[in-house]
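A structural walkthrough
Given next are the chains, with one letter for each unit.
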Amino acid sequence: MENKTKAWEQYEAGVEYKRRIGLYTTVRENERFYRGEQWEGVNANGLPTPVFNIIKRIVSYMISTATSQPISVSYSDDSLSVIGSERLKKQISDGIELLNKNVSYRLDKDKIESLVRGAMLDAAVSGDGVFYTFWDSDIKTGQIYTGDIRTVLCDNTDLFVANVNSRDIQRQDYVMLKGRDTVEHLKKEALENGVSPKEAEKIVPDDTEGIGAGELFDIESENDEYATFLLKFSRDENGYVVWEKATQSTVIKTCQTKMRRYPIAYFSWENAKGSFIGNSPVTALIPNQKYINKAYAMVMKHMTDTAFSKVIYDKTLIPEWTNEVGEAVGVKGGDVRGAAVALGAGNMQSGFLDVINLTMMHTKELMGATDAALGEVDPDNTSAILALQESSNVPLENIRQNLYACVEDLALNWAEMMFEYYPEGRFLPYDDNGESKSGKMPDYELFKNSVIRARVDVGAGTKYSQIVAVNTLDKLLSGGFIGIEDYLERLPDGIISDKRELIEKAVLRQRAAEQTETEAIDGQ
């Protein structure tokens, strides 16, 4: 075997750590149970194999609830208060304001809300959600400048750090991400970056079976050969990030950057003390899920075997039995009273079904997925449902805060990459009440020494909060406390289409009515 790269040796140490804590087997089992493959490897011994997937029901509820409120990001500069020059302070303030407008545009353009839900699913199944931000030079911007920031999700099985006992990504000596690509493409990329043909030939196929985030990762195209590559981020003596792409025996590319932050943000569903890998809620649900499936399987088997009555007959009196309707059964002499008897259907202990139902109910309730939260109650009392829903959301608050802190880190990564990669004169697009606009940032060098902060703001966007808002507005309108214009302006978005057009028409009608009333008064 050729000499291994330093990154590869660190990667092997990380894989061994994850094997020791059982991450790969846990994540694969969790992913399989969430997907619904819950009888794999089980010898059913003739039992049915039903799947009552409460895991997916609970996880889907928790994700949708934790991400139901729309989020926005705002930037601030903590160094503004110590800047003496009013002109410089004004330039930085204007730049921060444009950044805040652009980040809202980016949240929508890059479909960050969809990525957030995907990260929440990753965290629920594997324990962690990981965002990776990089510069994609192929993105077209409509300007003379091409390329933009791109954000993707990674699995925690593909994230490696120097200190496995620390959760602080930005304080790690190095951070690595694992990926897979074809050998042909990796060799071509190595040659394009000045690697000698001899070194490029050291890039050979390898096997990663059993160390992916799911069993389907083990299945690759049969037409191509694949190899593992590593993206390693470390810092030089001046604190700037150095980026390296390497395989087992070849360093494909090394790049010095002017950034100080690692372009990775991650969060855990539930923090595990002493490890940067978090805990998944699915892991604790699997024993209950197994019991529910097996219990229902035994119920089904019992009902299949005993649901219908059976006939026992004396073969010395009745040579052959028939179940044909209305057909006579012949008996050879003697007393017919003992010739045949029907056994009734078997009865099952009702308490067994009660135990199954209680198991399902308490499993959901302990995870916060109550009937009211899942919408399985009649909406007769909206206020009561809202109160029950809010109380069931309390267990998710810690998860929300972990997610929001991660999004703030992600926004800081965006800002630093903009300062590094955006040239002076590039326009930043933003949305202004439905109208697309753009602005030009001041010199990005002004922000290199700024202390930029990011904050996540959360809005109220749940269905029940919208229902309460609409009901309140209806009462105010019917009581004459507000007009139709006020009503329409405060109506939550998405309730009716073309709301702006309706408001304009309402204003015109009101003005016409006022003018008619004025003319009538003047005519008197």
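That block above? That's the structure.
Fair warning: this is a prediction, and the values are worked out from it, not measured in the lab.

**A short note on helix H2 (residues 23-35)**
- Here H2 is 13 residues long and its end C-alpha atoms lie 18 Å apart, about the 18 Å a rise of 1.5 Å per residue gives.
- Of the positions making up H2, those classed as buried are Leu 23, Tyr 24, Val 27, Arg 28, Asn 30, Arg 32, Phe 33 and Tyr 34.
- For H2, the secondary structure elements touched by its buried residues are helix H1 (6-20), helix H3 (54-66), helix H5 (112-126), strand E4 (159-161) and helix H8 (281-306).
- One or two residues past the end of H2 sits Gly 36, with phi positive at roughly 110°.

**Examining the environment of Pro 50**
- By secondary structure assignment, the location of Pro 50 is in the loop between H2 and H3.
- Discounting residues that sit within four places of it in the chain, Pro 50 has contacts with Trp 39, Asn 293, Tyr 296, Ala 297 and Met 300.

**Concerning the pairing of strand E6 (residues 226-235)**
- E6 sits mainly inside the fold: 8 of its 10 residues count as buried.
- Across 9 bridges, strand E5 (residues 174-182) lies against E6 in antiparallel orientation. Within the sheet, the bridge partner assigned to Arg 180 lies in E6 and is Thr 228.

**Digging into the layout of surface pockets**
- In this structure, the largest pocket occupies an estimated 750 Å³ of space.
- If you list the elements that add at least two residues to the lining of the largest pocket, you get strand E2 (128-136), helix H6 (183-192), E6, strand E7 (241-246), strand E8 (251-256) and helix H11 (397-421).
- Broken down by element, the lining of the largest pocket gets its largest block of residues, 5 residues, from E2.
- Residues that form the lining of the largest pocket fall into these classes: 13 nonpolar, 5 polar and 9 charged.

**Let's talk about the sheet that holds E7**
- Reading across from one edge, E4-E5-E6-E7-E8 is the order of the 5 strands in this open sheet, with antiparallel pairing throughout. A strand with exactly one partner marks an edge of an open sheet, and here the two such strands are E4 and E8. Going from strand to strand, the sheet's axes swing by 20° on average, the running direction of each strand aside.
- Bridging between E6 and E7 involves 6 bridges; their strand directions are antiparallel.

**Topic: unusual backbone geometry**
- Even without being glycine, Asn 45 reaches a positive phi, approximately 55°.
- Considering the arrangement of structural elements, one finds Asn 45 in the loop between H2 and H3.
- The exposed category is assigned to Asn 45, whose relative accessible area is 66%.
- A positive phi angle, close to 55°, is found at Lys 111, a residue other than glycine.

**A few points about the side chain of Asn 293**
- By the secondary structure assignment, Asn 293 is in helix H8.
- Asn 293 has contacts with Gln 38, Trp 39, Pro 50, Val 51 and Phe 52, leaving out every residue within four places of it along the chain.

**Regarding the packing of aromatic side chains**
- Counted according to the given criterion, the structure contains 8 aromatic pairs.
- Measuring from centroid to centroid gives 5.3 Å for Tyr 132 and Phe 134, while their planes differ by 25°, and the two rings are stacked.
- With relative accessibility at 10%, the residue Tyr 132 sits in the buried group.
- Between the aromatic rings of Tyr 132 and Phe 233, the centroid separation amounts to 6.0 Å while the plane-to-plane angle is 55°, which identifies the pairing as tilted. Remark: Phe 233 occurs in strand E6 and Tyr 132 occurs in strand E2; sequence separation between them is 101 residues.
- Clustering of aromatic rings is evident, with ring pairs tying together Trp 8, Tyr 11 and Phe 160.
- Positioned above the aromatic ring of Trp 414, the side-chain terminus of Arg 106 is 6.0 Å from the ring centre.

**Considering the packing of H5 against H11**
- Axis separation between H5 and H11 bottoms out at 12 Å; the angle between their running directions is 130°. In terms of their interaxial angle, H5 and H11 are classed as oblique. In this structure, the crossing between H5 and H11 has a hand that is right-handed. Taken together, the residues of H11 that come into contact with H5 (itself represented by Ile 112, Val 116 and Met 120) are Ile 399, Leu 403, Val 407 and Trp 414.
- Of the residues contributing to the contact of H5 with H11, the split by class is 7 nonpolar, no polar and no charged.

**So, empty space enclosed by the protein**
- Counting across every chain of the model gives 1 cavity of 30 Å³ or more.
- Of the volumes computed, that of the largest cavity is approximately 40 Å³.
- Surrounding the largest cavity, Lys 202, Ile 203, Val 204, Asp 206, Ala 227, Thr 228, Thr 247, Gln 248 and Ser 249 form its lining.
- Across the lining of the largest cavity, the residue classes break down as 3 nonpolar, 4 polar and 2 charged.

**Overview of the environment of Thr 182**
- Counting through the fold element by element, Thr 182 comes out in strand E5.
- A residue is classified by how much of its surface remains accessible, and Thr 182, at 17% relative accessible area, is buried.
- For the pair Thr 182 and Tyr 226, spaced 44 residues apart in the sequence, the C-alpha separation amounts to 4.3 Å.
- Leave out the neighbours within four places in its chain, and Thr 182 touches Asp 224, Glu 225 and Tyr 226.
- Separated by 3.2 Å, the side chain of Thr 182 and the backbone nitrogen of His 185 make a polar contact.

Thresholds, definitions, all that
Residues numbered from 1 in each chain as written. Predicted model: local features only at pLDDT ≥ 70, side-chain atom pairs only at ≥ 80, totals over all residues. Heavy atoms only, no water. Helix = DSSP H or I, 4+ residues; strand = E, 2+ residues; numbered from the N terminus. Expected span 1.5 Å × (residues − 1). Buried < 20%, exposed > 50% of the residue type's maximum accessible area, 1.4 Å probe, protein only. Contact = heavy atoms within 4.5 Å. Pairing = 2+ DSSP bridges. 1 Å grid on protein atoms, 1.4 Å probe; cavity = no way out; pocket = protein on both sides within 12 Å on 5 of 7 lines; lining within 4 Å. Points joined across faces, edges and corners; volume = space filled by probe spheres on them. Nonpolar A, V, L, I, M, F, W, Y, C, P; charged D, E, K, R; others polar. Axes fitted to C-alpha atoms, helices over the stretch in contact; angles between N-to-C directions. Phe/Tyr/Trp six-rings, centres within 6.5 Å; stacked < 30°, edge-to-face > 60°. Lys NZ or Arg CZ within 6 Å of the ring centre and 35° of its normal. Parallel < 35°, antiparallel > 145°, perpendicular 65-115°, else oblique. Left-handed = near helix turned anticlockwise from the far one by under 90°. Polar contact = N/O pair within 3.5 Å; in protein donor to acceptor, adjacent residues only side chain to side chain.

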